[in-house]
Amino acid sequence: MNCADTAPSLWRAACYAMLDLDTMASFIIAGKWRIRQAPPFKETAMSSASTAVNSAAGLTASLNIEGMSCASCVGRVERALKAVPGVASASVNLATERAELTFVGNADTAAAVKAVEAVEGAGYKASVVADPAGNADELSLRHAAEMAALKRALLVAIIFALPVFLLEMGSHLVPALHHFIMETIGRQASWHAQFVLASIVLAGPGRRFFVTGIPALLRGAPDMNALVAVGAGAAYAYSVAATFAPGWLPAGTVNVYYEAAAVIVALILLGRFLEARAKGRTSEAIKRLVGLQPATARVSRGGVVVEIQIADVRAGDLVEVRPGERLPVDGTVVQGASFVDESMISGEPVPVQKTAGAQVVGGTVNQNGVLMFQATKVGGDTVLSQIIRMVEQAQGSKLPIQALVDRITMWFVPAVMAAAALTFAIWLMFGPQPALTFALVNAVAVLIIACPCAMGLATPTSIMVGTGRAAQMGVLFRKGEALQLLKDAKVVAVDKTGTLTKGRPELTDLILAPGFERADVLACVAAVEAKSEHPIARAIVAAAAAQGLALAAIEDFESVTGYGVRAVADGKRIEIGADRYMAKLGLDAAPFAAEAARLGDEGKTPLYAALDGKLAAMIAVSDPIKETTAPAIRALHELGLKVVMITGDNRRTGQAIARQLGIDDVIAEVLPGGKVDAVKRLQEEYGVLAYVGDGINDAPALAQADVGMAIGTGTDIAIEAADVVLMSGDMGGIPKAIALSKAVIANIQENLFWAFAYNAALIPVAAGALYPFNGTLLSPIFAAGAMAFSSIFVLGNALRLRRFQP
């Protein structure tokens, strides 16, 4: 049987696949905090490395890696880094093109330099990451340069590969064109022309595959570039022999495959270009965050407001912000009033009023007034810089699910080389005539189709897009592992104060007796309580101030031990205390009995106020439940989770709040150390547990939990101990985080399934497994298109997470 006889149908399919690839690819593509950490390494200067390495034990640092193209590259770079003395661990991310390193405590000053040299020794370029904002800009510039280079290479490859394709495949697809070529320039001249054009493609745009791939092959560590170089090089070398030394080949095997070599290069470059464009989109979250910080700031210097670069702002400077402008740094308002859009921090769209004394965050938007504030956090200390760093760390992390992928892809490329060699040998020994031609074509198809790019991109791209989307919703994943563990949570344990509640006492109830006015009673009570530093007293005074009530001067203030306080204000005698104080005064609190019972059921302790010997009002001060708490707990129940409250308060108060909110269980009267024991018991009973807290006393429990979630308005210590930070300061972020975790892991599983299924299904087809049954063979051109399509599919699927809505 002559190979030329079977070629038309084979190459026709390849032609249609190539012509439709761009359309398909385009369709798919269209488809806070103050974390204290060691400073990142600066450039690879020894002095910077020395400062960083010696600063702390277990120092972490990041490297930019250039030249990685597939999952096997990731494994090779990781192995090279782990072999460097002083490196305790190394994790490489293909999507972010970053390596995260942890050094042992006694790492020497040359550790960073050695790490860079190790990467370069493995055949890749490396540089040490500077500050997060600068690195994001650098990464963006690198992506732009890569896109421009790939676009130029792709255009050149298409311009010179298209005539080769038309000369060779046009003869098979259009008989008239075949006759025209034979009658005008002839077959030999056609082959010479194809030789020149294909040589330009391989020596120009295709040179990158040979320059990187052949050395990797010689080192015994082949990568994707090696697969393409060997595949396209074999087709080209065979064609050159057929053109200029046909006598070297067995009779009946003299055919050329210049079009396969040239078109393979063009298709791989097309795939890389589309892949680079999609990868650029996955890092948009970081670019948006960096773009939130203005380039300049107006600062008061010597009584004159001058505009300076953001890098020149110092802590203590007075900064002016006009309506519609973004705040350049963090600070405290000293003059002016305005509403500020803090949605980039909290995920909540409602602007927040800011007056003197209020805290403001850089990157937020001033809306309708002029604010003058004193800078408190600048440079890398601002909330925005810490958010950028946190998101970068999460995007660069690896999930447990990635371990399986790493183990497989470590041996995947060598296995593909072996499979291609075996395919060549089997077809050469047992295939029909011309056996050498069949052996070459099928071996090249196996090499091209089996590139593990899709497997290498399956997990990190989903993490990048998912964590970026989470940041937009006010949920920051500090550790990538939490993204996977959270979806398996069976129970959510929550602290009460500051988590379920606002964390500060407020006047919640003021029930008046007949004949009394609210403003008069509140002003009198607040005037007396202003003499006390008790939190309840401060809450009453704050309520009066919020209503603009003037407080009268008081006389004869006296604290009645065990009962309450009394004083005279504006000539009125005022007594405030518990029901037993009213009884001592001879006043009957029975008219308030029903309301007192209700307050007791809500876990509140009522106080009573008497004016001039008459019972005037019943007052309740408590730590109010946040408005967002009840909807968040309902959402957790809808997700099938059990909610347990762990609190140091008395059982009655805890159970009252649990009844209000529908909480499943209460563990009350727990000391700070007892929270860890409570978490352990719940883990033993239910399994994976997420703990939510905000205080210093929550830090041990946050660390013990499978996933620790800190309220973003809480303490630094709690946030540092947590895996996830809820920027909005309420529990509404918990169901969002869990729903996103489920969506991201499902997305990763989809990516991995299609990446593995693609290789498992098409490698045998490329090897010719279907040929004995129905004569089907997979051309190298179609294999190249399918390989590019698989990576684009994975990236397109990951990008769907940008539209995720909980």
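Structure: above.
Residues numbered from 1 in each chain as written. Predicted model: local features only at pLDDT ≥ 70, side-chain atom pairs only at ≥ 80, totals over all residues. Heavy atoms only, no water.

Participant: Sorry, what's going on with the pattern of salt bridges here?
Facilitator: Close approach of charged atoms allows side chains with opposite charge to pair. Using the criterion set out here, one finds 12 salt bridges in the structure. Residues arginine 566 and glutamate 558 are paired through a salt bridge, measuring 3.0 Å at the closest nitrogen-oxygen approach. The exposure class assigned to arginine 566 is partly exposed, which follows from its relative accessible area of 32%. Owing to a relative accessible area of 35%, glutamate 558 belongs among the partly exposed residues under this scheme. Residue arginine 573 pairs with glutamate 575 through a salt bridge whose shortest N-O separation is 3.0 Å. (Salt bridge = Lys/Arg side-chain N within 4 Å of Asp/Glu carboxyl O. Buried < 20%, exposed > 50% of the residue type's maximum accessible area, 1.4 Å probe, protein only.)

Participant: Whenever I open this one, the environment of threonine 629 confuses me. Can you help?
Facilitator: Structurally, threonine 629 is set in helix α24 (residues 629-638). Classification of threonine 629 by relative accessible area gives buried; the value is 0%. Each C-alpha atom of the pair threonine 629 and threonine 499 lies 8.4 Å from the other, and the pair is 130 residues apart in sequence. Residues in contact with threonine 629, not counting those within four places in the same chain, are Thr499, Leu500, Leu661 and Met731. (Helix = DSSP H or I, 4+ residues; strand = E, 2+ residues; numbered from the N terminus. Contact = heavy atoms within 4.5 Å.)

Participant: Explain a nonpolar patch on the surface to me, please; I cannot follow it from the model alone.
Facilitator: A cluster of nonpolar residues, Leu422, Ile426, Leu428, Met429 and Phe430, forms a patch on the protein surface that exposes about 550 Å² of accessible area. Among the secondary structure elements, leucine 428 is positioned in helix α15 (residues 412-430). Assessed through its relative accessible area of 40%, leucine 428 is described here as partly exposed. (Patch = residues over 30% accessible without salt bridge, like charges linked within 9 Å, V, L, I, M, F, W, Y side chains within 5 Å. Areas by Shrake-Rupley, 256 points an atom, 1.4 Å probe, with all protein chains shown as cover.)

Participant: Where do I start with the packing of aromatic side chains in this structure?
Facilitator: According to the stated counting rule, one finds 11 aromatic pairs in the structure shown. Between phenylalanine 195 and tyrosine 236 the ring centres are 6.2 Å apart and the planes differ by 20°, which places this aromatic pair in the stacked class. Separated by 41 residues along the polypeptide, phenylalanine 195 in helix α7 (residues 186-203) and tyrosine 236 in helix α9 (residues 224-244) bring together distant segments of the chain. By relative accessible area, phenylalanine 195 is classed as partly exposed at 24%. For the ring pair tyrosine 563 and tyrosine 581, a centre distance of 6.1 Å and an interplane angle of 50° mean the geometry is tilted. (Phe/Tyr/Trp six-rings, centres within 6.5 Å; stacked < 30°, edge-to-face > 60°.)

Participant: What am I meant to see in the side chain of threonine 423 here?
Facilitator: Along the polypeptide, threonine 423 turns up in helix α15. Residue threonine 423 is classed as buried on the basis of its relative accessible area, which comes to 8%. Every residue in contact with threonine 423, bar those within four places of it in the chain, is listed here: Asn442, Ala443, Val446 and Ala767.

So yeah, pure geometry; function would need other evidence.
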